[in-house]
Amino acid sequence: MSPITQAQVERACFELLKSASTRLPPDVERALRRAFEEETSETGKMNLQAILENVRLAKRQCIPLCQDTGTPIFYFRIGTKADLRADLERAARKAVRDATRLGFLRPSIVHPITRENPGTNLGRGVPWVSYVPLREKDWVEVVLLLKGSGSENMSRFTVLDPALGVEGVKKFVLETVIAAGGKPCPPIIVGIGIGGTSDGAMNLAKLALLRPLGESHPDGSIARLERELMEAINETGIGPMGLGGKVTCIGVKVEYAYTHTASLPVGVNIQCWAARKASVRLRSEGRR
Amino acid sequence: MGEFTLSLPISGKDVRKLKVGDVVYLTGVLVTARDRAHHRILRFLSEGKKLPVRMEEGVIYHCGPLARKEGSGWKIVSAGPTTSERVDAFLPQIIRALRVRAVVGKGGVRRKTAEAMREMRCVYLAFPGGCGALAAQRVKGVKRIYWSDLGLPEALWVLEVEDFGPLFVGIDTKGKNRYEEVKREAVRRLRSR
């Protein structure tokens with residue numbers, strides 16, 4: 001069996017960038033169609049109609065859905081039995097450079113202090129790359145998230161007193177969503193990480209966004225929390241684009257980790273309606 | 001809910017007709033600006049320097065377009081709105097100094113900017129966020145680009161638009177602010193949970 005090659009990974013990364021920036025995952029598109037049906041506010045409905053029209057246009061013309069093509073974040077899930085002969089980070093960087101040059105990504109990445117823009121979307125730590133080992137598997141999965149900053153800027157983290165419990169978690173999430181209002185481009189998806197330590201909770205919040213919308217958490221108590229929060233968020237009336245309406249949120253995803261007895265960390269990561277994520281599984285050349 | 005098609009520049013009379021909830025389409029020339037450009041506009045104003053493009057009584061579009069080079073010019077590929085609140089601190093002064101007629105963006109602005117809008121008869125118009133492909137359809141051409149040293153998304157793009165919209169009036173010249181109302185109601189509902 002031939003190994004997974006550099007060229008194969010580069011091609012896969014580029015295709016992911018191109019498809020994520022120009023088309024929505026089917027679960028998200030379905031949820032937006034349902035939102036359009038359910039919305040009763042006239043302004044809200046018109047905004048959802050514009051969104052659906054935008055999705056159609058971007059797909060048909062193969063152009064980016066949103067001009068903010070976000071920060072490219074790659075998760076490489078690597079089977080411990082995969083025959084991998086590629087430098088994954090190098091492949092991701094090459095793909096980002098090419099996708100930017102060809103106009104699938106806007107050059108949005110700058111130095112955090114000087115604000116200098118290299119024009120390539122490349123810099124220290126960008127694209128963000130992380131690696132997850134998969135026991136016994138012989139393939140590599142590449143997962144890409146293009147995270148726009150309108151929604152990313154609404155991220156919040158806190159450590160609650162454990163005594164505040166699940167009600168405290170809900171209150172924090174609802175306050176975060178209300179403070180964000182129309183800024184993260186609702187209808188939103190809310191990713192929540194509970195437990196771990198500070199960075200862990202934020203990481204879980206982002207990983208939660210990668211789960212398909214239709215699927216609730218396998219843990220019953222977490223699934224219930226997701227449902228209850230979804231209802232409560234839609235009861236705020238913030239609505240599409242913060243202009244008022246029934247549909248504020250098309251998904252709530254919670255991930256958790258055990259935590260210290262003195263802590264109740266909560267991370268919230270909001271995703272705009274344009275949830276641009278894509279993934280591909282790589283096997284040895286020819287078996288993809 | 002009224003629907004209006006207006007040509008740019010918008011007259012003072014036309015802007016006063018617009019009410020929260022109305023839908024507007026714009027035809028003419030508008031200028032994009034985001035974080036760094038607002039900062040520089042203020043600096044130019046305080047130093048008494050002339051701006052590279054006429055912005056008096058114009059429309060500021062909070063947008064950092066995605067464009068492809070085509071021959072000697074640029075083709076706008078995706079050009080939806082960016083979050084207005086990030087430049088909120090700069091807006092009252094800019095609106096007053098340039099007598100801006102409309103700010104186009106997403107997410108609304110804070111109270112002090114809304115007050116400046118009421119005082120100067122300026123409206124806030126929201127383009128559906130994330131709809132960059134749709135917005136690009138309504139951009140007929142790029143007339144000029146200034147301040148590209150700020151990075152392409154942060155530059156001033158002078159865009160020729162046709163039936164640019166749908167734009168939703170979020171704040172009108174009477175000071176009615178849809179975002180404030182929605183947020184106040186959301187907080188009330190949260191408290192009564």
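No experiment lies behind these values; they were computed from the predicted model shown.

Caption draft 1: Examining the nonpolar core more closely. Of all hydrophobic cores here, the largest spans 95 residues; its most connected members are L32(A), I250(A), W273(A), L26(B), L125(B), W147(B) and F164(B). Per-element accounting of this core gives the leading share, 10 residues, to strand 9 (residues 156-171) of chain B. With sequence-adjacent residues up to four places away left out, L26(B) is seen in contact with L6(B), L8(B), I10(B), V59(B), L125(B), V161(B), E162(B), D163(B), F164(B) and L167(B). One finds F14(A), A82(A), A95(A) and F104(A) within the second-largest nonpolar core, a separate group that totals 30 residues.

Caption draft 2: Representation of unusual backbone geometry in the model. The omega angle of the peptide bond from V126(A) to P127(A) is 0°, so this bond is cis rather than trans. With respect to the helices and strands, P127(A) occurs in the loop between helix 4 (88-101) and strand 4 (128-134). Cis geometry is adopted by the peptide bond preceding P166(B), which originates at G165(B) and carries an omega value of 10°. On the secondary structure map, P166(B) appears in strand 9.

Caption draft 3: Examining the sheet that holds strand 7 (residues 188-194) of chain A more closely. Residues and elements named next belong to chain A. If you walk across this open sheet you meet the 4 strands as 6-9-7-8, and the pairing is mixed. Each edge of the open sheet is held by one strand with a lone partner, namely strand 6 (156-160) and strand 8 (249-256). Mean inter-strand twist for the sheet, computed between neighbouring axes without regard to direction, equals 15°. Lying on the sheet, helix 6 (residues 165-180) is in contact with strand 6, strand 7 and strand 9 (264-271); it crosses strand 9 at an angle near 30°. With respect to the sheet, helix 8 (residues 220-234) is in contact with strand 7 and strand 8, its orientation differing from that of strand 8 by roughly 145°.

Caption draft 4: Expanded view of the interface of chain A and chain B. Counting residues at the interface gives 48 residues for chain A, matched by 41 residues for chain B. The three residues of chain A that bury the most area against chain B are Q67(A), K183(A) and L243(A), which together make up 19% of that side's buried surface. Salt-bridge contacts for E85(B) lead to K183(A); the nearest nitrogen and oxygen are separated by 2.9 Å. Counting across the interface, chain A meets chain B through 20 residue pairs in polar contact (both at pLDDT 80 or more). No other element matches the 11 residues that helix 3 (residues 42-61) of chain A contributes to the side of chain A that touches chain B. By residue class, the composition of the side of chain A that touches chain B is 23 nonpolar, 16 polar and 9 charged.

Caption draft 5: Quick look at the layout of surface pockets. All names here are of chain A. Its boundaries defined by the atoms lining it, the second largest pocket holds a volume of some 480 Å³. When contributions to the lining of the second largest pocket are tallied by element, the ones reaching two or more residues are helix 2 (26-38), helix 8 and strand 8. Each residue belonging to the lining of the second largest pocket can be placed in one class, and the counts come to 9 nonpolar, 4 polar and 10 charged.

Caption draft 6: Focus on helix 3 of chain A. In a regular helix each residue adds 1.5 Å, so 20 residues correspond to 28 Å; helix 3 of chain A covers 28 Å between its end C-alpha atoms and thus fits that length. Among all positions of helix 3 of chain A, only T43(A), G44(A), M46(A), N47(A), L48(A), A50(A), I51(A), L52(A), N54(A), V55(A), L57(A) and A58(A) are buried. Structurally, helix 3 of chain A contributes buried residues whose contacts are with helix 1 (6-22) and helix 2 of chain A together with strand 2 (23-32), helix 5 (132-137), strand 9 and helix 6 (178-191) of chain B. With a side-chain oxygen lying 3.4 Å from the backbone nitrogen of T43(A), the N-terminal cap of helix 3 of chain A falls on S41(A). One or two residues past the end of helix 3 of chain A sits C62(A), with phi positive at roughly 55°.

Caption draft 7: Spotlight on the confidence of the model for chain B. Taken residue by residue, chain B gives an average pLDDT of 96. The fraction at 70 or more is 100%. If you check the scores for this complex, the pTM reads 0.96 and the ipTM reads 0.96.

Caption draft 8: Spotlight on the pairing of strand 2 (residues 71-79) of chain A. Residues and elements named next belong to chain A. Most of strand 2 is tucked away, with 7 of its 9 residues classed as buried. Note that strand 2 and strand 4 share 7 bridges and pair parallel. Counted as the bridge partner of F74 is V129 from strand 4.

Caption draft 9: Fine view of the state of the cysteines. The final tally for this structure, using the stated rule, is 0 disulfides over all chains. You can see C122(B) has no disulfide; the closest cysteine sulfur is in C63(B), sitting 17 Å from it. Judged by its relative accessible area of 0%, C122(B) is buried. As a non-bridged cysteine, C131(B) has C185(A) as the owner of its nearest cysteine sulfur, 8.1 Å distant.

Caption draft 10: Local environment of the sheet that holds strand 5 (residues 140-147) of chain A. Residues and elements named next belong to chain A. Reading across the sheet, the 4 strands line up as 4-2-5-10 and stay open at both edges, with mixed pairing between neighbours. Edge positions in the open sheet fall to strand 4 and strand 10 (276-282), since each of these has one partner strand only. Averaged over all pairs of adjacent strands, the angle between their axes in this sheet comes to 15°, without regard to strand direction. Where helix 1 meets the sheet, it contacts strand 2, strand 5 and strand 10, and its direction lies at approximately 155° from that of strand 10. Contacting strand 2 and strand 4, helix 4 crosses the sheet at an angle of about 145° to strand 2.

Caption draft 11: Layout of the packing of aromatic side chains. For the coordinates displayed, the defined rule picks out 8 aromatic pairs over all chains. Relative to Y131(A), the ring of F76(A) lies with its centre 6.0 Å away and its plane at 20°, an arrangement referred to as stacked. With F76(A) in strand 2 and Y131(A) in strand 4, the pair connects residues that are 55 residues apart, well separated along the chain. An aromatic cluster is defined as three or more aromatic residues linked by ring pairs; in this entry it consists of F74(A), F76(A) and Y131(A). R281(A) extends its terminal NZ or CZ atom over the ring of W139(A), reaching a point 3.7 Å from the ring centre. Looking at R40(B), its charged tip hangs above the ring of W147(B), at a distance of 5.3 Å from the centre.

Rules and cut-offs
- Residues numbered from 1 in each chain as written.
- Chains lettered and ligands numbered in written order.
- Predicted model: local features only at pLDDT ≥ 70, side-chain atom pairs only at ≥ 80, totals over all residues.
- Heavy atoms only, no water.
- Core = buried A, V, L, I, M, F, W, Y, C linked by side-chain atoms within 4.5 Å.
- Buried < 20%, exposed > 50% of the residue type's maximum accessible area, 1.4 Å probe, protein only.
- Helix = DSSP H or I, 4+ residues; strand = E, 2+ residues; numbered from the N terminus.
- Contact = heavy atoms within 4.5 Å.
- Pairing = 2+ DSSP bridges.
- Axes fitted to C-alpha atoms, helices over the stretch in contact; angles between N-to-C directions.
- Buried area = accessible area lost by both parts, 1.4 Å probe.
- Salt bridge = Lys/Arg side-chain N within 4 Å of Asp/Glu carboxyl O.
- Polar contact = N/O pair within 3.5 Å; in protein donor to acceptor, adjacent residues only side chain to side chain.
- Nonpolar A, V, L, I, M, F, W, Y, C, P; charged D, E, K, R; others polar.
- 1 Å grid on protein atoms, 1.4 Å probe; cavity = no way out; pocket = protein on both sides within 12 Å on 5 of 7 lines; lining within 4 Å.
- Points joined across faces, edges and corners; volume = space filled by probe spheres on them.
- Expected span 1.5 Å × (residues − 1).
- pLDDT = per-residue confidence, 0-100.
- Disulfide = S-S within 2.5 Å.
- Phe/Tyr/Trp six-rings, centres within 6.5 Å; stacked < 30°, edge-to-face > 60°.
- Lys NZ or Arg CZ within 6 Å of the ring centre and 35° of its normal.

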